[in-house]
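Summary of structural features
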Amino acid sequence: ETEKLFLGSLLVMSSTAVVVKTFDDLGLRNHKFTDVVFGLLIMEDMFGVLVMVLLSTVAKAAGDTGSTGMSVLYAGLSLILFVVLWAVIGVYVLPPFYLKVKKYINDELALMLSLALCLGAVVVCDMLDFSTTLGAFVSGSILAATINLKRLPELVKPLQYLFGAIFFVSIGMMVKPQNLITYASPILLVILTLYAGKILGTSTGIFLSGQNLDTALRSGFSLT
């Protein structure tokens, strides 16, 4: 039963790296539905923190509900504190600092500052057992609201290609082709269940939230 719970929890989470890479390759970043998808991906990362804590606690405590409840509460409070800290830094700390040093920031400094902020946020998230994707998103949103440098996306693009390649290669190295043959039947069944449930559930939720049917269907297929 525990394995089924883990598998189900993993399947409802979409890979931010895969979705973003696909949007970039297809040139879809400027479409309306991609904003909806990005918002949902970030929410998944935030709620995924609580889910991971809950699942790991269930697996270790073997039904100790008191321990489970305290762990989930601690994770929730930590997440709230992290979001509040992110908002304070992004609104009250970095913008004034940037205005004072703006004239000294060239391309090289902007690149180093963005990398330092990104990797720093990732390290903090890792220390708190949060999704590292959440840390990268937080640093990106702070930079977008602080550093008014149009060339920044172009400056970081080579690093995006580098880390993107490392990500996909590392995922590929974890796949054992023999397992695809050995477990062909359950794999096919899980894939069919995922497609039906994810597309129907996500599209319905987005449509009921007020988006049009086209945006809802595009978002549902993208996350699947």
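Cut-offs and rules
- Residues numbered from 1 in each chain as written.
- Predicted model: local features only at pLDDT ≥ 70, side-chain atom pairs only at ≥ 80, totals over all residues.
- Heavy atoms only, no water.
- Helix = DSSP H or I, 4+ residues; strand = E, 2+ residues; numbered from the N terminus.
- Buried < 20%, exposed > 50% of the residue type's maximum accessible area, 1.4 Å probe, protein only.
- Areas by Shrake-Rupley, 256 points an atom, 1.4 Å probe, with all protein chains shown as cover.
- Contact = heavy atoms within 4.5 Å.
- Patch = residues over 30% accessible without salt bridge, like charges linked within 9 Å, V, L, I, M, F, W, Y side chains within 5 Å.
- Salt bridge = Lys/Arg side-chain N within 4 Å of Asp/Glu carboxyl O.
- Axes fitted to C-alpha atoms, helices over the stretch in contact; angles between N-to-C directions.
- Parallel < 35°, antiparallel > 145°, perpendicular 65-115°, else oblique.
- Left-handed = near helix turned anticlockwise from the far one by under 90°.
- pLDDT = per-residue confidence, 0-100.
- Core = buried A, V, L, I, M, F, W, Y, C linked by side-chain atoms within 4.5 Å.
- Polar contact = N/O pair within 3.5 Å; in protein donor to acceptor, adjacent residues only side chain to side chain.
- Phe/Tyr/Trp six-rings, centres within 6.5 Å; stacked < 30°, edge-to-face > 60°.

Focus: the overall build of the protein chain
A tally of helices and strands in the protein chain yields ten helices and zero strands. For the protein chain, the α and β elements follow one another from N to C terminus as α-α-α-α-α-α-α-α-α-α. Taking all 224 residues of the protein chain together, the buried fraction comes to 25%. For the protein chain, the computed accessible surface area is about 14,700 Å², with 72% contributed by carbon and sulfur atoms.

Remarks on the side chain of S114
Within the fold, S114 resides in helix α5 (residues 107-127). Residue S114 is classed as buried on the basis of its relative accessible area, which comes to 5%. Those residues in contact with S114 that lie beyond four places of it in its chain are L143, L152 and V156.

Observations concerning a nonpolar patch on the surface
Together, L73, L77, I80, V84, V88, V91, Y92 and V93 give the surface a local cluster of nonpolar side chains, amounting to about 780 Å² of exposed area. Mapped onto the elements, Y92 comes out in helix α4 (residues 65-101).

A look at the packing of helix α2 (residues 16-26) against helix α7 (residues 152-173)
Where α2 contacts α7, the two axes come as close as 11 Å, and the packing angle between them is 125°. In terms of their interaxial angle, α2 and α7 are classed as oblique. The element α2 and its partner α7 pack so that their crossing is left-handed. Mapping the contact onto sequence places A17, V18, K21 and D24 in α2 and Q160, F167 and F168 in α7.

Describing the confidence of the model for the protein chain
Residues with a pLDDT of 70 or more make up 88% of the protein chain, whose mean pLDDT is 81. When pLDDT is averaged over each element of the protein chain, helix α10 (residues 213-223) comes out on top at 91 and α4 at the bottom at 74.

Thoughts on the nonpolar core
Grouped together as the largest cluster of nonpolar side chains are nine residues: I42, M46, L79, F82, C125, F130, L134, V138 and I142. Mapped onto this core, the elements with two or more residues apiece are α3 (32-61), α4 and α6 (132-146). With near-sequence residues (within four places) excluded, I142 lies in contact with W86, I89, G90, L94 and L117.

A few points about the environment of N212
Within the secondary structure, N212 is located in the loop between α9 (184-208) and α10. Judged by relative accessible area, which is 37%, N212 ranks as partly exposed. When the C-alpha positions of N212 and F33 are compared, they lie 9.8 Å apart, and in sequence the two are 179 residues distant. Setting aside residues up to four positions removed in sequence, N212 forms contacts with K32 and F207. Side-chain polar atoms of N212 contact the backbone nitrogen of T215, separated by 2.7 Å.

Observations regarding the pattern of salt bridges
For the structure on display, the rule yields four salt bridges. Between K198 and E44 there is a salt bridge, with its nearest N and O atoms 3.3 Å apart. Of this pair, K198 sits in helix α9 while E44 sits in helix α3; the two residues are 154 residues apart in sequence, bridging distant segments of the chain. Overall, the relative accessible area of 10% leaves K198 in the buried class. Accessibility expressed as a relative area gives 14% for E44, which makes it buried. In this structure, D214 and R218 form a salt bridge, with 3.1 Å as the shortest nitrogen-oxygen distance. Here D214 pairs with R218, and both are found in helix α10, just four residues apart, close to one helical turn.

Re the packing of aromatic side chains
Scanning all chains against the criterion turns up three aromatic pairs. Relative to F33, the ring of F23 lies with its centre 5.7 Å away and its plane at 90°, an arrangement referred to as edge-to-face. Placement of the pair is F23 in helix α2 and F33 in helix α3, with a sequence separation of ten residues. Judged on exposure class, the residue F23 and its partner F33 are both buried. Centroid distance F23 to F38: 5.8 Å. Interplanar angle 75°. Geometry classified as edge-to-face. Taken together, the residues span a long stretch of sequence, with F23 in helix α2 and F38 in helix α3 at a distance of 15 residues.

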